[in-house]
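Secondary and tertiary structure notes
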Amino acid sequence: MDTTKTADPTAPEADTAEPQAAEAAEAAEAAEAAEAKADLKDAPAAETEAPEADLSDEDLEDELHDELDETEQRSEGVGAAASAVVAAGLGLVALSGSWVSRVIAERQTLVGQIESVNAATTEAKIEALYGDAWHMTALVNGVMSTLALLLAVFVLARPAFGAPGRTLPAWVRAVSWAAVALGALGVLLFGLMYFDILAPLPKAA
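Calculation notes
- Residues numbered from 1 in each chain as written.
- Predicted model: local features only at pLDDT ≥ 70, side-chain atom pairs only at ≥ 80, totals over all residues.
- Heavy atoms only, no water.
- Phe/Tyr/Trp six-rings, centres within 6.5 Å; stacked < 30°, edge-to-face > 60°.
- Helix = DSSP H or I, 4+ residues; strand = E, 2+ residues; numbered from the N terminus.
- Patch = residues over 30% accessible without salt bridge, like charges linked within 9 Å, V, L, I, M, F, W, Y side chains within 5 Å.
- Areas by Shrake-Rupley, 256 points an atom, 1.4 Å probe, with all protein chains shown as cover.
- Salt bridge = Lys/Arg side-chain N within 4 Å of Asp/Glu carboxyl O.
- Core = buried A, V, L, I, M, F, W, Y, C linked by side-chain atoms within 4.5 Å.
- Buried < 20%, exposed > 50% of the residue type's maximum accessible area, 1.4 Å probe, protein only.
- Contact = heavy atoms within 4.5 Å.
- pLDDT = per-residue confidence, 0-100.

Describing the packing of aromatic side chains
Each aromatic ring pair is described using two quantities: the centre-to-centre distance and the angle formed by the ring planes. The tally for this structure, following the rule as stated, stands at two aromatic pairs. Ring geometry for tyrosine 130 and tryptophan 134: centres 6.1 Å apart, planes at 40°, overall tilted. Taken together, the residues span about one helical turn, with tyrosine 130 and tryptophan 134 both in helix H4 (residues 122-157) at a distance of four residues. Relative to phenylalanine 195, the ring of tyrosine 194 lies with its centre 5.2 Å away and its plane at 90°, an arrangement referred to as edge-to-face.

Overview of a nonpolar patch on the surface
Residues Leu139, Val143, Leu147, Tyr194, Phe195 and Ile197 make up a contiguous nonpolar surface patch of about 600 Å² in total accessible area. Looking at the element boundaries, leucine 147 is found in helix H4.

Here we look at the nonpolar core
Counting residues in hydrophobic clusters, the biggest one holds six residues: Ala80, Ala81, Ala84, Val155, Leu168 and Val172. Take this core: its biggest share by element is three residues, from helix H2 (residues 57-96). Other than its neighbours up to four places away in sequence, alanine 84 contacts Val155, Val172, Val175, Ser176 and Ala179. Ala87, Ala88, Ala152 and Ala179 belong to the second largest nonpolar core, which has five residues in total.

Here's the deal with the confidence of the model for the protein
Averaged over every residue, the pLDDT of the protein is 78; residues scoring 70 or more account for 66%. Mean pLDDT across the elements of the protein ranges from a minimum in helix H1 (residues 11-54), with 58, to a maximum in helix H5 (residues 170-194), with 95. Predicted confidence is poor over residues 9-14, with pLDDT under 50, and the contacts of this stretch with residues over four places away or in other chains come to zero contacts. Per-residue pLDDT stays below 50 along residues 45-53; that stretch engages in zero contacts with residues further than four places along the chain or on separate chains.

As structure tokens, this is what we get:
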């Protein structure tokens, strides 16, 4: 009886199957470790993005409204400053004499010279040659002073009709008050001159 044992042909396959199973387990562990690292890297980004997601539509509307208010306030400040400067300029030009008033006065003088030919009395000639021209000068400069006064008053009163808490810069208020003073002085002075209360026409002998 032959008692010699023959080699099992499936033994090598069993030996190779064990290393393959070990390698597969190691690959799975490595994949899990890589996924864990990726999750840790993505976690800070998600945390930083979370506050942006928390912004509601109301917050966005409030921010937009604040920006619009700032823009409107700046535009109103620029307009008020420009109006104050224009008012002060008008008041100063009216008191010193404008080119418009001078041209109108010269024209009225020419008209008076034409009309003085038919004047019957000396007083009528003086009125035609000088009085009408002086009155037109006082009228034009008085209108300019009135415009300066009204514009300055509007600039000073504008914040009272706007949003509460808004005030004009100090220099704008100072220029506006200067324009009010110049305008009021011009209205008073040229009004007296126009009605011959101040510097009346001379009387002929």
